[in-house]
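Next come the chains, spelled out residue by residue.
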Amino acid sequence: MLLHVTHETRYEYAPPVETAQHLAHLKPLATDSQRLVSHKLAIEPAPAPAQRSEVADLYGNTRAFFALEATHDRLVVTAESVVETSVPVLPATVARELPWESVRERFRFRKDATFDAASEFVFPSPYVPRHDDFTAYARASFVPGRPTFDVAMDLTERMYEDFAYDADSTEINTPAVEALAQRKGVCQDFAHIMIACFRTMGLPARYVSGYLLTQPPPGQPRLVGADASHAWVSVYLPGDGPEGVGSQGGWADFDPTNGRQPGEDYVTLAIGRDYSDVSPMRGVLHGGARHTLRVGVTVQPVGEVIEGLPQTRTQSPSQDKESP
């Protein structure tokens, strides 16, 4: 699929902000199943930011930095991307049938063991702590001898059945264990819970931020800005060589919010240990004691953009609850 993504973040400040520095993760990744065709990042108000740069972070995500030194009472950041997507395919060398207990053993610390970069995603992180409640929920999926891929698919489907999507039930700082207890939240919460289940069982899992192509009701136009950022989970499957040496492992994606694996209708934006590594926008401000935030996301096939399909503009709060 060839998808056009527009992600607009709008802040209104009172009193005005005197100076500000911001970091943004808004440029889609290039992956084996995704090609970035074009990307541009527009920043208002004028004049242009006093400083602006792009660098790759530890995980290969593009991190944009910009600094504003003129007083302003609003900030509008618009990322516009065109991405060619295909159905993700695991490398043939992945040990898809390897029992989860064997994968766990590969990531136990042993002196002089071969380093696997995926081991970083076994440890707790700011939004994904260790807790016995995650272990208790995970056990029903971690059946002895079950392949890791099947464990992940079972947990994905269980969460889809057990949890209710409720945008008003959590905030950005709501602990994942609280969302687990109340069995409701948003995609960010569900991703953190699933990652925590894997890590407490000793297996690597990482957070993926991105977008999902949604379909308007039959006969209705696509609402511009009515979509939202999305989040899901990647689970690591080692290669089939001894201890994974000499063979390529791979990451398989799972979406507990929708009870499925992501396909060509998903756009990957960034990957990290949890939301704290990939938040779309964050900043440090001087001034602006109060602010309001509105986020509008539109994902549509490029053909709709070219044809000029009639559209109605709207904006909705971000499901990712972006930071100031």
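Along each chain, residue indices are assigned from 1 in the same order as the chain's sequence is written. For this predicted model, a pLDDT threshold of at least 70 governs which residues receive local features, and a threshold of 80 or more governs which side-chain atom pairs are given and counted, while totals over whole chains, interfaces and linings are taken from all residues. Calculated side-chain values reflect all of the structure's heavy atoms, with hydrogen atoms and water omitted.

**Q** When you look at the sheet that holds strand β10 (residues 230-237) in this model, what are you seeing that I'm missing?
**A** Two strands in a sheet stick together by hydrogen bonds in their backbones, pointing the same way (parallel) or opposite ways (antiparallel). Following DSSP output, two strands are said to pair if at least two bridges run between them. Runs of H or I in DSSP of at least four residues are treated as helices and runs of E of at least two as strands, each being numbered from the N terminus. Across the sheet, which stays open at both edges, the 4 strands sit in the order β11-β10-β8-β12 with antiparallel pairing between neighbours. The sheet terminates laterally at β11 (250-254) and β12 (266-272), the two strands that pair on one side only. Neighbour to neighbour, the strand axes of the sheet diverge by 35° on average, direction disregarded. Here β10 runs beside β11; their pairing, made up of 5 bridges, is antiparallel. To obtain an axis, a line is fitted to C-alpha atoms, over the contacting stretch when the element is a helix, and the angle between two such axes runs from 0 to 180 degrees between their N-to-C directions.

**Q** Hey, could you run me through the nonpolar core in this one?
**A** Across soluble globular proteins, nonpolar side chains have a tendency to be buried as a group. Side-chain atoms within 4.5 Å are what join buried Ala, Val, Leu, Ile, Met, Phe, Trp, Tyr and Cys residues into a set we call a nonpolar core. Throughout, exposure labels follow a simple rule: accessible area from a 1.4 Å probe, protein chains only, divided by the maximum for the residue type, with under 20% read as buried, over 50% as exposed, and the rest as partly exposed. F142, M159, I193, M194, F198 and F254 are the most contacted members of the largest nonpolar core, which has 46 residues in total. For this core, the leading source of residues is helix α5 (residues 187-200), giving 9 residues. In this structure F254 touches F149, A152, M153, T156, M194, W232, V233, V235, R260, Q261 and P262, once residues within four positions along its chain are discounted. The next biggest cluster of nonpolar side chains, apart from the first, holds 25 residues, and it includes Y11, V77, Y211 and L213. Only heavy atoms matter for contacts: two residues are in contact if any of them lie within 4.5 Å across the pair.

**Q** Can you walk me through the pairing of strand β4 (residues 62-68) in this structure?
**A** The two faces of a sheet get side chains in turn, since along a regular strand they alternate between them. In this sheet, β4 lies alongside strand β1 (residues 2-27) in antiparallel orientation, the contact comprising 6 bridges. The residue of β4 that forms the bridge with A20 is L68. Adjacent in sequence and paired antiparallel, strand β3 (residues 51-56) and β4 are bridged by 5 residues, among which G60 carries a positive phi angle near 90°.

**Q** Help me out: how do you make sense of α5 in this one?
**A** One full turn of an α-helix is made of 3.6 residues, so residues set three or four places apart face in the same direction. By definition here, a helix of n residues has an expected span of 1.5 Å times n minus one. The first and last C-alpha atoms of α5 sit 20 Å apart over 14 residues, in line with the 20 Å expected at 1.5 Å per residue. Counting buried residues along α5, 13 of its 14 residues qualify, which places the element largely inside the surrounding structure. Downstream of α5 by a residue or two, G202 has a phi angle that is positive, lying close to 90°.

**Q** I'm lost on the pattern of salt bridges in this one. Help?
**A** Two side chains of opposite charge can pair, provided their charged atoms sit close to one another. Put simply, a salt bridge is a Lys or Arg side-chain nitrogen that is within 4 Å of an Asp or Glu carboxyl oxygen. Taken as a whole, this structure holds 9 salt bridges when the rule is applied. The shortest N-O distance in the salt bridge between E44 and R74 comes to 3.4 Å. Residue E44 is located in strand β2 (residues 34-44), and its partner R74 is located in strand β5 (residues 72-85); the two are separated by 30 residues in the primary sequence. Using a relative accessible area of 37% as the deciding quantity, one classes E44 as partly exposed. Residue classification places R74 among the partly exposed positions, given a relative accessible area of 28%.

**Q** I keep staring at the packing of aromatic side chains and nothing clicks. Help me out?
**A** When we look at a pair of aromatic rings, we describe it by the centre distance and by the angle of the planes. Aromatic rings from Phe, Tyr and Trp, taking only the six-membered ring of Trp, are treated as a pair when their centres fall within 6.5 Å; an angle between ring planes under 30 degrees marks them as stacked, one over 60 as edge-to-face, and anything in between as tilted. Enumeration according to the criterion identifies 13 aromatic pairs in this entry. Centre to centre, the rings of Y137 and F163 are 5.7 Å apart; their planes meet at 85°, and the pair counts as edge-to-face. In this pair, Y137 is assigned in helix α2 (residues 132-138) and F163 in the loop between α3 (148-162) and β6 (164-165), connecting sequence segments 26 residues apart. Given a relative accessible area of 8%, F163 falls into the buried group. Of the aromatic side chains, those joined through ring pairs into one cluster are Y59, F107, F121, Y236 and W251. Whether a charge lies above a ring is judged from NZ of Lys or CZ of Arg, which has to be within 6 Å of the ring centre and within 35 degrees of the ring normal. The aromatic ring of F149 is capped on one face by R96, whose charged end is 3.8 Å from the ring centroid.

**Q** I would appreciate a short explanation of the environment of I193 in the present structure.
**A** Among the secondary structure elements, I193 is positioned in helix α5. I193 gets classed as buried once you look at its relative accessible area, which sits at 0%. The spatial distance from the C-alpha of I193 to the C-alpha of Y211 is 19 Å, given a sequence separation of 18 residues.

**Q** Sorry if this is basic, but what is going on with unusual backbone geometry here?
**A** As a rule of thumb, non-glycine residues mostly have phi less than zero, and peptide bonds are mostly trans rather than cis. In the segment running from A14 into P15, the intervening peptide bond is cis, with an omega of -10°. With respect to the helices and strands, the residue P15 is situated in strand β1. With an omega of 0°, the peptide bond between A46 and P47 qualifies as cis. Positionally, P47 belongs in the loop between β2 and β3.

**Q** Sorry if this is basic, but what is going on with empty space enclosed by the protein here?
**A** Empty space among the atoms can be located by rolling a probe the size of a water molecule over them. A cavity here means a set of 1 Å grid points, computed over protein atoms only, where a 1.4 Å probe fits but cannot escape. A pocket is an open set with protein on both sides within 12 Å along at least 5 of 7 lines, and lining residues have an atom within 4 Å of a point. Grid points are joined across faces, edges and corners, and a volume is the space filled by probe spheres set on the points. According to the stated counting rule, one finds 1 cavity of 30 Å³ or more in the structure shown. Of the volumes computed, that of the largest cavity is approximately 50 Å³. In this structure, the largest cavity is lined by A24, L26, K27, H39, L41, E54, T62 and A64. At the level of elements, β1, β2 and β4 are the ones that each hand at least two residues to the lining of the largest cavity. In terms of residues, the lining of the largest cavity owes the most to one element, β1, which gives 3 residues. When residues are grouped by polarity, Ala, Val, Leu, Ile, Met, Phe, Trp, Tyr, Cys and Pro land in nonpolar, Asp, Glu, Lys and Arg in charged, and all others, Gly among them, in polar. Here the residues of the lining of the largest cavity are counted per class, giving 4 nonpolar, 2 polar and 2 charged.

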